[in-house]
Amino acid sequence: MIQIFAAVLRRELRLAATAKTEWLMPLFFYVIVVTLFGLGATPNDPKLAEFAPAILWVGALLAALLTLERLFRADFEDGTLEQIFLGTQPVTLVVAAKLLAHWLLTGLPLALLAAPLSSALGFSSAAIPALVAGLALGTPVLTLIGGFASALTVGLPRAGVLLPLLVLPLVTPVVIFGAGAARVAQSGLDGAAPLYFLAAILVLGLTLLPWATAAALRNAFE
Amino acid sequence: MWTWFHRLASPPTFYRLADRFAPWFGIAATGLLAYGIVGGLFFAPADYQQSDAFRIIYIHVPAAALSLSIYMLMASAALVAVIWRIKLAECVLVSAAPIGASFTALALVTGMLWGKPMWGAYWVWDARLTSELILLFLYAGVIGLNQAIEDPRAAARACGLLALIGVINVPIVHYSVEWWNSLHQGSTILKMGKPSMNADMAQPLYACLLGVYFFMGYVLLRRTQNELLLRERGTAWVKERLESSNV
């Protein structure tokens, strides 16, 4: 079991190493989106710091959305996915490994990138741990929900427009708790409670969504 | 009991049963809604605080109740469709989504029209309003997904999975936005004990509530029948039906 998981994970990371632009682009996109918010406001506007949690969270969400369409597409097109279904190993395990690789390549960098970006928006540096912790707990949920949605739309020609419609309503609690934790921490209070909620949502997602994703992928083949 | 269940789930039997029940549902809906709306809009006494503006309750509350009920119904159909792969459940699932979306939109619009004179704003970022809006997006996702996938059976199952994940998400969304912010008044009619509403006001409301459920039953039966005909157009029973009705 662990061997299969590790093998799939290694394969995904090796593939990513050969196509660096694919996972570096969302990070650039994130930087550009946040910069544009800064440019859209009056120079050095102190209000920007108030909106920083929302800007950083929505930016991360949009950047993560960009990568979702590719999550299963390549494997679907070249037949790898079909081979996975023909094999004896549990599909859920393979799906979980792919999702973990996706989070390591997009979610985690986005969460870390939020720290320098937040100071560009004038976000108080004391609250940065809460912001990054929130993103570190929230981005895996985005990956899980996004993986499920991209499995539902795998093989569809217009998946790009449909994906945001499927993903965004499902991730509203994550945005509320994640940006909420950053906001609470910024006002000098303890942001632990929303972070616990985020962790609870993550645990729920981990126990449900890999199975649902595998079922959705199987459905695409029948 | 199981044989009865299986017989009911077969398309021709369901089609016949729906034909028998749908007119009655339609009649009941027309009667109840006529009584409820006329009684509510013309005869019920005006509210001491909101005067005549409260009358939107006769549309708003039934629509809001249905928006949630239909989601539950859709999710139950989804569960049956995903686990037992019953064709009828798939039809019910995809037929229910547009009805639910319409009632959600109606609840939102009537709520906004009421909110302007009462709260002073069409839209506030309140818990109930926000979760209703997100419910509308969830319906839109199901409808969009169903239209995007060509094969109707694969489309229905994909929608089923989405509806099931959505139904788990609905309470999380609800509580997250509730702790985030709430301004909406509490429920008036579903309180334990004595309802905090005059009987003259309440009776038309109950009639409207019951009426929209019958209306939903009518529309859902007819839509499901259409969906069945469309999917089973190659089969013998559909041809027989067409010949016997001389279309």
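As annotated in an unreviewed UniProt entry, chain B carries the name Heme exporter protein C and comes from Stenotrophobium rhamnosiphilum. Its UniProt record gives chain B a comment under Function (unreviewed entry), which states: "Required for the export of heme to the periplasm for the biogenesis of c-type cytochromes." Quoted verbatim from the Sequence similarities (unreviewed entry) heading of the UniProt record, the comment on chain B is "Belongs to the CcmC/CycZ/HelC family."

Identification of chain A as Heme exporter protein B from Stenotrophobium rhamnosiphilum is taken from an unreviewed UniProt entry. Chain A has a UniProt comment under Sequence similarities (unreviewed entry) that states "Belongs to the CcmB/CycW/HelB family."

*Asks:* Quick question: what am I supposed to make of the pattern of salt bridges here?
*Replies:* One side chain can pair with another of opposite charge once the charged atoms of both are near each other. Residues and elements named next belong to chain A. Following the criterion strictly, the structure yields 12 salt bridges over all chains and no others. As a salt-bridge pair, K98 and E12 come within 2.9 Å of each other at their nearest N and O atoms. Note that K98 is positioned in helix α6 (residues 91-120) and E12 in helix α1 (residues 2-18), a separation of 86 residues in sequence. Since its relative accessible area comes to 14%, E12 is described here as buried. D75 is the partner of K98 in a salt bridge, and the nearest nitrogen-oxygen pair spans 2.4 Å.

*Asks:* It is not clear to me how unusual backbone geometry should be interpreted in this structure. Could you clarify?
*Replies:* It is generally the case that most residues other than glycine have a negative phi and that most peptide bonds are trans. Here R85 of chain B, not a glycine, exhibits a phi torsion of approximately 55°, which is positive. Inspection of the secondary structure assignment puts R85 of chain B in the loop between α3 (57-84) and α4 (87-119).

Rules used in this analysis
- Residues numbered from 1 in each chain as written.
- Chains lettered and ligands numbered in written order.
- Predicted model: local features only at pLDDT ≥ 70, side-chain atom pairs only at ≥ 80, totals over all residues.
- Heavy atoms only, no water.
- UniProt positions renumbered as here; feature names shortened; annotations may be inferred.
- Salt bridge = Lys/Arg side-chain N within 4 Å of Asp/Glu carboxyl O.
- Helix = DSSP H or I, 4+ residues; strand = E, 2+ residues; numbered from the N terminus.
- Buried < 20%, exposed > 50% of the residue type's maximum accessible area, 1.4 Å probe, protein only.

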